[in-house]
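Below, each chain spelled out in residue letters.
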Amino acid sequence: MKFEILDLKPEILKGVQDAGFEHCTPIQEQSLPECLAGKDVIAQSQTGSGKTAVFLLTIFSRLSAAQPGDSGKPRALVMVPTRELATQVIDDCVKLCKHFPFRSVAVYGGVEYDKQIKAFKQGVDLVVATPGRMIDLYKSRTLSLDNIEIFVIDEADRMFDMGFAPDIIYIAGQMPKKKPRQTMLFSATIDDNVRNLASRYMKPDPAMIEIEPDQVTVNTIDQKVIYVSNEEKLPMLMTLLKRGEVERSIIFTNMKRTAEMLGWKLAANGYPAKVLTGDVTQERRHKIIEGMKSGNIKMLVATDVAARGLHIDGITHVINYDLPEDAANYVHRIGRTARAGKSGKAYSLVCEDHVLNLPEIEKYIERKIENEWIETSEMVKDTAPEYSYGRGGREKSFERKAGKPGGPERGRKSFSRDGSKDSPKERAARPKPEMKVAKPQPSDQRKRRFPAVEKDAGGHAKPESLAQERTRPDRPRRERPKPGSHRPVQRKMEEAAQAPPSAVTHQPAAELSGMDPKDVKEKEGIVKRFFKKILKKS
Ligand code: AMP
């Protein structure tokens, strides 16, 4: 569908044409007619789908049709979860409203209040805000919601994930009760949280727009899986990154600590990657994203929490260093490439730790992902020193040696994990860390008392070192549990072990584990196939 078909004013249409938009994206095609007709809308949409233009064009149309307010108070409010998204929306707004007067301001935390307050004093039509700062300004009476005619909640599911639900409910509750208002809600997933919010603050019976989860985007991405053992992951990643075709890439890990380790290892091997996790300060995050956009930064290692909502055009490759646990995240991740009609490539390393996530992902995207073989001889070697997960290990062992600016220096008061100087104010504004429970690291003292079990080249414990560990006099003895005190599955397994051999062989694994036999069979099959593939390769 072409934009000309829509009932847009010529000056708005001109902005759309100047932005290079010819045809509507699926979400635009389905929701713009409803939104432009003034309906409340709930749209299932991902970043990269073109949803920003849906609410911006609706805001432009509605505000230009009505009498301009002379109070200078904002008439449209867009709530977004992050600062980057706020600036992206403002960038799109500036691009699209080139041919008519329109005042917009982004309101987010981590920066001085002055500039934002000044904008309100001069008068604004649209406020794009993150919840925290928005509430501060509202409570200090700097920002008025009295004239809001259009209320947009963007990336609602992410707002819930980030714990903003009470803030959104508070803001929605402050909207003028008697004036008519159009509310639009955009979310990658429509769950009970979203539905509850909609039923409380939207007109009854809002239009529901559901687009197949990123199918359109996913279909334009060349996706490959590569089977690797855990040890081969880094060499395989570097082999892919070395390929000339990889211009700008995002590498995803499931955990923050893996991202940090990988960023360090890549840098030590001569691959200048930046790391984006939930621990990175707003200021540094902004710098990294700007660097990616301008092309100064070409490699980014990120976790899901840090990368959701990232909107960077020109990413040629997405590499899943770890296969995500959640199939929907696979789609979010690979959707960072092939944006705005361009093509892109997504590689997923399938290792023994995450191979069981693959069937779920393939089911979700409704297709099998093709397998790519890379010969062992082609693989780049990891020449970096051992990475230490202990505190301060990375700076001591590499960055300092390499003379990196992020390395520790005497006299500095505090450092963020990624090496940048961090004021107490910034530290307070830093986003909450991801809800991942870090594996406890043994203290040096404990390490001395309990020396690590020696492992062979394949990563297996050496039998002699295990025997030594078992017979150490200071090793605390584990009490054998009393009969009958086991959990049911353990008890069943013990009974099975004591039963005559024929009974053991007839005891199905599924029954012992309490799992559905079909699931056990399927999982056994996946693991067998994985090891077959790995063995075939070596
Ligand atoms: P969004 O999902 O709103 O973050 O948009 C993703 C990207 O697609 C942005 O760079 C937009 O400028 C671009 N875009 C939005 N709508 C269209 C369209 N109809 N044609 C081409 N590009 C578009």
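The structure we're discussing is the one just above.
Residues numbered from 1 in each chain as written. Predicted model: local features only at pLDDT ≥ 70, side-chain atom pairs only at ≥ 80, totals over all residues. Heavy atoms only, no water.

Novice: Explain the side chain of His354 to me, please; I cannot follow it from the model alone.
Specialist: With respect to the helices and strands, His354 occurs in the loop between β13 (344-350) and α16 (358-365). Judged by relative accessible area, which is 12%, His354 ranks as buried. (Helix = DSSP H or I, 4+ residues; strand = E, 2+ residues; numbered from the N terminus. Buried < 20%, exposed > 50% of the residue type's maximum accessible area, 1.4 Å probe, protein only.)

Novice: Honestly, the packing of helix α15 (residues 327-334) against α16 in this entry has me stumped. Any pointers?
Specialist: Each pair of packed helices can be described by the angle between their axes along with the distance between the axes. Remark: α15 packs on α16, axes separated minimally by 8 Å, with the N-to-C direction vectors making an angle of 70 degrees. Classified by the angle between their axes, α15 and α16 sit roughly perpendicular to one another. In the crossing of α15 with α16, the sense of the turn from one axis to the other is right-handed. Two secondary-structure elements touch here, α15 through Ala327, Ala328, Tyr330 and Val331 and α16 through Glu360, Ile361, Tyr364 and Ile365. Of the residues in the contact of α15 with α16, the class split is seven nonpolar, no polar and one charged. (Axes fitted to C-alpha atoms, helices over the stretch in contact; angles between N-to-C directions. Parallel < 35°, antiparallel > 145°, perpendicular 65-115°, else oblique. Left-handed = near helix turned anticlockwise from the far one by under 90°. Contact = heavy atoms within 4.5 Å. Nonpolar A, V, L, I, M, F, W, Y, C, P; charged D, E, K, R; others polar.)

Novice: Sorry, what's going on with the sheet that holds strand β11 (residues 299-303) here?
Specialist: Strand pairing in a sheet takes place through backbone hydrogen bonds and is either antiparallel or parallel in direction. In space, the seven strands of this open sheet follow the order β10-β11-β9-β12-β13-β8-β14, with parallel pairing throughout. Only two strands of the sheet have a single partner each, and these edge strands are β10 (274-276) and β14 (370-371). Across four bridges, strand β9 (residues 249-253) lies against strand β12 (residues 317-320) in parallel orientation. Residue pairing across strands places Ile250 opposite Val318, the latter belonging to β12. Against the sheet, helix α11 (residues 233-242) contacts β8 (221-227), β9, β11, β12 and β13, and its axis sits at roughly 165 degrees relative to β13. (Pairing = 2+ DSSP bridges.)

Novice: Got a minute to help me understand a nonpolar patch on the surface in this structure?
Specialist: On the surface, Leu356, Val527, Phe531 and Leu535 cluster together into a nonpolar patch covering about 350 Å² of accessible area. One can find Val527 in helix α24 (residues 517-537). (Patch = residues over 30% accessible without salt bridge, like charges linked within 9 Å, V, L, I, M, F, W, Y side chains within 5 Å. Areas by Shrake-Rupley, 256 points an atom, 1.4 Å probe, with all protein chains shown as cover. Salt bridge = Lys/Arg side-chain N within 4 Å of Asp/Glu carboxyl O.)

Novice: Is there a simple way to think about the nonpolar core in this case?
Specialist: As a rule of thumb, nonpolar side chains are buried together in soluble globular proteins. Judged by nonpolar contacts, the single largest core of 43 residues is most densely connected at Phe3, Phe55, Leu57, Ile59, Phe60, Phe102 and Leu126. Per-element tally for this core: the top contributor is helix α3 (residues 51-65), with eight residues. (Core = buried A, V, L, I, M, F, W, Y, C linked by side-chain atoms within 4.5 Å.)

Novice: What is the right way to read helix α12 (residues 256-268) from this model?
Specialist: Turn by turn, an α-helix covers 3.6 residues, leaving residues three or four places apart pointing in a common direction. In this model α12 runs 18 Å from its N-terminal to its C-terminal C-alpha over 13 residues, within 8% of the 18 Å that 1.5 Å per residue would give. The complete set of buried residues in α12 reads Lys256, Thr258, Ala259, Glu260, Met261, Leu262, Gly263, Trp264, Lys265, Leu266 and Ala268. A positive backbone phi angle near 90 degrees is found at Gly270, which sits one or two residues after α12. (Expected span 1.5 Å × (residues − 1).)

Novice: How do you make sense of the packing of α11 against α12 when you look at a structure like this?
Specialist: The geometry of α11 relative to α12 is characterised by a closest axis approach of 11 Å and an angle of 60 degrees between their N-to-C directions. When the axes of α11 and α12 are compared, the pair comes out oblique. The two elements α11 and α12 meet at a crossing, and its hand is right-handed. Here α11 contributes Leu234, Leu237, Met238 and Leu241 to the contact with α12, which in turn contributes Leu262, Lys265 and Leu266. When grouped by side-chain class, the residues that make up the contact of α11 with α12 number six nonpolar, no polar and one charged.

Novice: Would you take a moment to explain a negative patch on the surface for this structure?
Specialist: Taken together, Glu325, Asp326, Glu360, Asp519 and Glu522 make up a surface patch of like negative charges. Along the polypeptide, Glu522 turns up in helix α24. We classify Glu522 as partly exposed; its relative accessible area is 44%. (Lys, Arg positive; Asp, Glu negative; His and termini not counted. Charge placed at Lys NZ, Arg CZ, Asp CG, Glu CD.)

Novice: Help me out: how do you make sense of the site of the ligand in this one?
Specialist: The ligand sits among 16 residues. The nearest are His23, Gln28, Gly48, Gly50 and Thr52. Within the side chain of Gln28, an N or O atom sits 2.8 Å from a nitrogen atom of the ligand. Gly50 is positioned such that a nitrogen or oxygen atom in its backbone is 2.7 Å from an oxygen atom of the ligand. Protein contacts shield 89% of the accessible area of the ligand, which totals 500 Å² for the unbound molecule. Across the shell around the ligand, the residue classes break down as three nonpolar, nine polar and four charged. (Near = heavy atom within 4 Å. Polar contact = N/O pair within 3.5 Å; in protein donor to acceptor, adjacent residues only side chain to side chain.)

Novice: Looking at this structure, I do not really get helix α13 (residues 282-294). What am I missing?
Specialist: A rise of 1.5 Å per residue sets the reference length of α13, with its 13 residues, at 18 Å; its end C-alpha atoms lie 18 Å apart and thus fit the reference within 8%. All of the buried residues along α13 are Arg285, Ile288, Ile289, Gly291 and Met292. The buried side chains of α13 occupy one side of the element, clustering within an arc of 155 degrees when seen end-on. In the stretch just after α13, Gly295 is the one whose phi turns positive, near 95 degrees. (Arc of directions from axis to C-beta.)

Novice: Where do I start with the pattern of salt bridges in this structure?
Specialist: Pairing is possible between side chains of opposite charge, provided their charged atoms come close. Inspection of the entire model under this criterion finds 23 salt bridges. Among the salt bridges present, the one from Arg75 reaches Glu149, with a minimum N-O distance of 3.0 Å. Linking Arg75 in the loop between α3 and β2 (76-79) with Glu149 in the loop between α6 (131-139) and β5 (150-153), this pair joins segments that are 74 residues apart in sequence. Here Arg75 and Glu149 have matching classes, each one buried. With its nearest N and O atoms 3.4 Å apart, the salt bridge here joins Asp125 to Arg103.

Novice: How should the pairing of β11 be read in this particular structure?
Specialist: Each regular strand carries side chains that alternate between the two faces of the sheet. Where burial is concerned, most of β11 is hidden: five out of the five residues are buried. Neither face of β11 is left uncovered, since the one carrying Met299, Val301 and Thr303 and the one carrying Leu300 and Ala302 both have all their residues buried. In this structure, β9 lies alongside β11, joined through five bridges in parallel fashion. Counterpart to Phe252 in the pairing with β11 is Ala302. Each parallel crossover has a hand, and for β10 linked through α13 to β11 it is right-handed. (Right-handed = clockwise from strand over helix to strand, strands pointing away.)

Novice: Which parts of the structure should I look at to understand the environment of Leu56?
Specialist: Tracing the backbone shows Leu56 in helix α3. Here Leu56 falls in the buried class, since its relative accessible area comes to 0%. When the C-alpha positions of Leu56 and Cys93 are compared, they lie 6.6 Å apart, and in sequence the two are 37 residues distant.

Novice: Got a minute to help me understand the sheet that holds β5 in this structure?
Specialist: Strand order in this open sheet of seven strands is β3-β4-β2-β5-β6-β1-β7, and the pairing throughout is parallel. Of all strands in the sheet, those with a lone pairing partner are β3 (104-107) and β7 (207-210), marking the two edges. Strand after strand, the sheet turns through a mean of 10 degrees between neighbouring axes, direction not considered. Looking at chain direction, β2 and β5 are connected through four bridges and run parallel. Directly across from Met79, in β5, lies its bridge partner Ile153.

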